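Commentary on secondary and tertiary structure
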Amino acid sequence: MGLFTSKNYIFLSVLLCVFSSCKKNSSATTSETSQRWFKGNLHTHSYWSDGDEFPEVILNWYKTNGYQFLALSDHNTLAEGDKWITVSKDAIYEQAFQAYLDTYGEEWVTYHIDSGRTQVKLKTYEEYRNKVESPGEFIVIRSEEITDRFEDKHIHMNATNIQNKIEPMGGNSVAEVLQNNLNQVLDQRKATGVPMIPHINHPNFYYSIDLEDMIALDGERFFEVYNGHPMVHNMGDSTHISTEEMWDLINISYLEKGKPLMYGLATDDSHSYHNIGKKWSNAGRGWVMVEADTLLPSALINSLEAGKFYSSTGVNLKKLQYKEGTLSIEVAPEENVDYKIVFVGCKKGQTTAEELKIVNGTSAEYALDDDMRFVRCKITSSKLQENPIEDLRYEMAWTQPILPVP
């Protein structure tokens, strides 16, 4: 029985509520009364590629677990046209299909049985979007994971709010493949006038994308500092740096070259909805909290590009403010949980980032001066994640790097 289709669903809904900011008062306070905080995941998979659940079931799980937006980003597809899947003979998936049919009914589910195997027609983006969306409460953002390769390297890039499918372009190096696909997203944005963003996925997946590849990019503003797939090596290893260390080194290089800052996303990259644990890529592990004035793709993207968001695997912020040269952080605390707030940054003349200030508590601030290149904040709690990957056992949050006020 699966995450969405059995008694496990009830148990795991409670278990994963840790990740869902279900409490309305758990988000960071806004600097303007017209602004709100919206929770979302920008990297998710369904039966349209290599996920193992129907899109509308996945969307309803996120919707009922406190998310306001979701990007279903299946590989090299926009969920258009006809696609049929054959339900696995495994009892887990047969029972999951039956639950899907019971929930949505014969009028919605198109299927037939052929030679004892159940074949189901998937709903398109327009169909599942219209079925699940609630204006002002929950939206689905059209997205694609542009999935490419160079030799044995896996090169993946998400395109959020994309309007037309992009075919992977390839190239003569990892950096060239990345740039070719990045340019396609930026060109589509320019041609359509629709706000959309590319972001680099899990650079340490098979250690396919290294620091120099990231530094070489022009026009990229986002990458995944945390990805919830068990094979992406967020923490690196003895010969590869972590994504967090990569993040700071990218920004040091970008600032030297006059490029905009790179921002760090946390995502699920969920594929597995029926087997739960550190071996599988499950829902509810990582998300972004975006400050915007309305729940629309364009508003969310504008805020993401302005750095008005933080990424989390469980820690919620009550206050996140940068005012008069001071970065102020306040955690929305949970009972019997301790917090460590670390300000990380790079000073002018330095080539690496360092921990600038550490506060054990629920609030802290850091005043930037002209000697700083950038400062960001990482908050770690003493609360264990319910469903962790790697050795990332404790709930965390990352704010975006900021520049000193001129």
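Calculation criteria
- Residues numbered from 1 in each chain as written.
- Predicted model: local features only at pLDDT ≥ 70, side-chain atom pairs only at ≥ 80, totals over all residues.
- Heavy atoms only, no water.
- Pairing = 2+ DSSP bridges.
- Helix = DSSP H or I, 4+ residues; strand = E, 2+ residues; numbered from the N terminus.
- Axes fitted to C-alpha atoms, helices over the stretch in contact; angles between N-to-C directions.
- Polar contact = N/O pair within 3.5 Å; in protein donor to acceptor, adjacent residues only side chain to side chain.
- Contact = heavy atoms within 4.5 Å.
- Core = buried A, V, L, I, M, F, W, Y, C linked by side-chain atoms within 4.5 Å.
- Buried < 20%, exposed > 50% of the residue type's maximum accessible area, 1.4 Å probe, protein only.
- Salt bridge = Lys/Arg side-chain N within 4 Å of Asp/Glu carboxyl O.
- pLDDT = per-residue confidence, 0-100.

Moving on, we get to the sheet that holds strand β3 (residues 84-86). Reading across from one edge, β3-β5-β4 is the order of the 3 strands in this open sheet, with antiparallel pairing throughout. Looking along the sheet, the strands with just one partner apiece sit at the ends: β3 and β4 (110-114). Each strand axis lies, on average, 25° off the axis of its neighbour in the sheet, ignoring direction. Sheet analysis places β4 next to strand β5 (residues 117-121), joined by 5 bridges and oriented antiparallel. Among the inter-strand pairings, Thr110 is bridged to a residue of β5, identified as Lys121.

Along the chain, Asn158 falls in strand β7 (residues 153-160). Within the structure, Asn158 has its side chain in polar contact with the side chain of Ser73 (distance 3.2 Å). Leaving out residues up to four positions away in the same chain, Asn158 has contacts with Leu42, His43, Ser73, Glu144, Glu145, Ile197, Pro198, His199 and Asn201.

Membership of the largest hydrophobic core comes to 55 residues, with the highest contact counts inside it found for Phe54, Tyr100, Leu327, Ile329, Phe343 and Ile379. Per element, the largest residue contribution to this core is 6 residues, and it comes from helix α3 (residues 91-104). Residue contacts for Phe343: discarding those within four places in its chain leaves Leu327, Ile329, Glu354, Glu355, Leu356, Lys357, Ala364, Glu365, Tyr366, Val375, Arg376 and Cys377. Ala71, Leu178, Met262 and Leu392 belong to the second-largest nonpolar core, a separate cluster that totals 50 residues.

Evaluated as defined, the whole model comprises 16 salt bridges. A salt bridge links Glu126 to Arg142, with the shortest nitrogen-to-oxygen separation between them at 3.1 Å. With Glu126 in helix α4 (residues 125-132) and Arg142 in strand β6 (residues 139-150), this pair connects stretches of sequence that are 16 residues apart. Classification of Arg142 by relative accessible area gives buried; the value is 13%.

Turning our attention to the sheet that holds strand β17 (residues 363-367). Across the sheet, which stays open at both edges, the 3 strands sit in the order β13-β14-β17 with antiparallel pairing between neighbours. Of all the strands in the sheet, the pair left with one neighbour each is β13 (317-323) and β17. Looking at each pair of strands side by side, their axes are set apart by 5° on average, direction ignored. Pairing analysis gives 5 bridges linking strand β14 (residues 326-331) to β17, with the strands arranged antiparallel. By the bridge assignment for β17, Leu327 is matched with Tyr366.

Okay, the confidence of the model for the chain next. Mean pLDDT over the chain stands at 93; residues scoring 70 or higher make up 92%. Here helix α1 (residues 7-15) stands out as the element of the chain with the lowest mean pLDDT, 33, in contrast to strand β10 (residues 263-267), whose mean of 99 is the highest. When the criterion is pLDDT under 50, residues 4-27 qualifies, and its contacts beyond four places in sequence or with other chains add up to 62 contacts.

Another aspect to go through is unusual backbone geometry. For Tyr206, which is not glycine, the phi torsion reads 55° and is therefore positive. Along the chain, the position of Tyr206 falls in the loop between β8 (197-200) and α6 (211-215). For Tyr206, a relative accessible area of 46% translates into the label partly exposed. Of note in the backbone geometry, Glu390 takes a positive phi value of approximately 50° without being a glycine. Its place among the elements puts Glu390 in the loop between β18 (372-384) and β19 (394-399). According to the relative accessible area criterion, Glu390 is partly exposed, its value standing at 24%.

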